[in-house]
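One letter stands for each residue in the lines below.
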Amino acid sequence: MMTWEELERQCLACQRCALADSRTHVVFGAGQRDAEVMFVGEGPGEHEDLQGEPFVGRGGLLLDEMLSLIGLYRQKNFYICNIVKCRPPKNRDPLNTEQDACIGYLREQIVLVRPKLIICLGRIAANRLIHDDYKITKEHGQWVERDGVFYTAIYHPAALLRDPSKKPETFVDLRSIREKIRQVCTHTY
Ligand code: URA
């Protein structure tokens, strides 16, 4: 097993795909490396690329605000990262080839964190981590257990900013996450 230091060092120097050429920063991940709860988004946007931290733009602020309602804070009890660690130009969806090149870093992050819950933010992460024809509008909030880890997906915060009418469904999903934490997590929240 790789150490965090080795993994981060490799990732920050990565040249596995063309996104390396246009990035300002590799966005490796943030939060608690021993968390029981892990969030996975799609890829850095402009603010994340500039700051080197995931979910720090408008969507990230909304996400942090919503998660605080169920006792989750990146400074305290969750880890957050993305499927791809470098910003796709103009925020387009990351290509399958880019995801394939990058996914090994996420796999190692999951091994190191050993989360009990993995929450995908949006379709792209759910396609990769839950199943490959995941329909976010139909399946968000449903739980799948694999190798003792519980997976679910919620709408991406950018989707909630575009279409606030999706927020009530997300609040239902957040309550379900809070309940799953009560059932399977042991840290205090
Ligand atoms: N959107 C994502 O999917 N990830 C980020 O880090 C920021 C925006």
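The structure we're discussing is the one just above.
Criteria and thresholds
Residues numbered from 1 in each chain as written. Predicted model: local features only at pLDDT ≥ 70, side-chain atom pairs only at ≥ 80, totals over all residues. Heavy atoms only, no water. Buried < 20%, exposed > 50% of the residue type's maximum accessible area, 1.4 Å probe, protein only. Helix = DSSP H or I, 4+ residues; strand = E, 2+ residues; numbered from the N terminus. Pairing = 2+ DSSP bridges. Axes fitted to C-alpha atoms, helices over the stretch in contact; angles between N-to-C directions. Parallel < 35°, antiparallel > 145°, perpendicular 65-115°, else oblique. Left-handed = near helix turned anticlockwise from the far one by under 90°. Contact = heavy atoms within 4.5 Å. Nonpolar A, V, L, I, M, F, W, Y, C, P; charged D, E, K, R; others polar. 1 Å grid on protein atoms, 1.4 Å probe; cavity = no way out; pocket = protein on both sides within 12 Å on 5 of 7 lines; lining within 4 Å. Points joined across faces, edges and corners; volume = space filled by probe spheres on them. Core = buried A, V, L, I, M, F, W, Y, C linked by side-chain atoms within 4.5 Å.

A.B. asks: Explanation requested: the pairing of strand 2 (residues 37-41) in the structure shown.
C.D. replies: In regular strands, side chains alternate between the two faces of the sheet. The buried fraction of strand 2 is high, at five of five residues. Alternating positions in strand 2 separate into two faces, Val-37, Phe-39 and Gly-41 on one and Met-38 and Val-40 on the other, with burial throughout. Note that strand 2 and strand 3 (residues 78-82) share five bridges and pair parallel. In the sheet register, Val-40 faces strand 3, and the bridge partner there is Cys-81.

A.B. asks: So what exactly am I meant to see when it comes to the packing of helix 4 (residues 58-68) against helix 9 (residues 167-184) here?
C.D. replies: The geometry of a pair of packed helices is captured by two quantities: the angle between their axes and the separation between those axes. Taken N-terminus to C-terminus, the directions of helix 4 and helix 9 make an angle of 45°; their axes are 10 Å apart at the nearest point. In terms of axis orientation, helix 4 runs oblique to helix 9. The crossing of helix 4 and helix 9 is right-handed. Across the interface between the two elements, Leu-62, Met-66 and Leu-67 from helix 4 touch Lys-167, Thr-170, Phe-171 and Leu-174 from helix 9. Class assignment for the residues of the contact of helix 4 with helix 9 results in five nonpolar, one polar and one charged.

A.B. asks: Is there a simple way to explain the layout of surface pockets in this structure?
C.D. replies: Empty space among the atoms becomes visible once a probe the size of a water molecule is rolled across them. Each pocket or cavity is described by its volume, and for the largest pocket that value is around 700 Å³. By residue number, the principal contributor to the lining of the largest pocket is helix 8 (residues 157-162), which donates four residues. When its residues are assigned to classes, the lining of the largest pocket shows 10 nonpolar, 11 polar and nine charged. Taken as a whole, the second largest pocket spans an internal volume of roughly 150 Å³.

A.B. asks: I'm lost on the nonpolar core in this one. Help?
C.D. replies: Across soluble globular proteins, nonpolar side chains show a tendency to be buried alongside one another. In this structure, Val-37, Met-38, Phe-39 and Leu-106 are the most contacted members of the largest nonpolar core, which totals 56 residues. The element best represented in this core is helix 5 (residues 96-113), accounting for seven residues. Sequence-distant contacts of Met-38, that is, excluding residues within four places in its chain, are made with Tyr-79, Cys-81, Leu-106, Gln-109, Ile-110, Val-113, Pro-115, Leu-117, Ile-118 and Ile-119.

A.B. asks: Even after reading the chapter, I still don't get empty space enclosed by the protein, so can you show me in this structure?
C.D. replies: Taken as a whole and judged by the stated rule, the model has one cavity of 30 Å³ or more. Space inside the largest cavity adds up to approximately 110 Å³. Taken together, 15 residues make up the lining of the largest cavity; nearest its centre are Cys-14, Arg-16, Cys-17, Cys-86 and Cys-102. Counting residues per element, the ones that place at least two in the lining of the largest cavity are helix 2 (19-22) and helix 5. When residues of the lining of the largest cavity are assigned to their parent elements, the largest contribution, four residues, is made by helix 5. Grouping the constituent residues of the lining of the largest cavity by class yields 11 nonpolar, no polar and four charged.

Any functional reading would require information beyond the geometric quantities listed.
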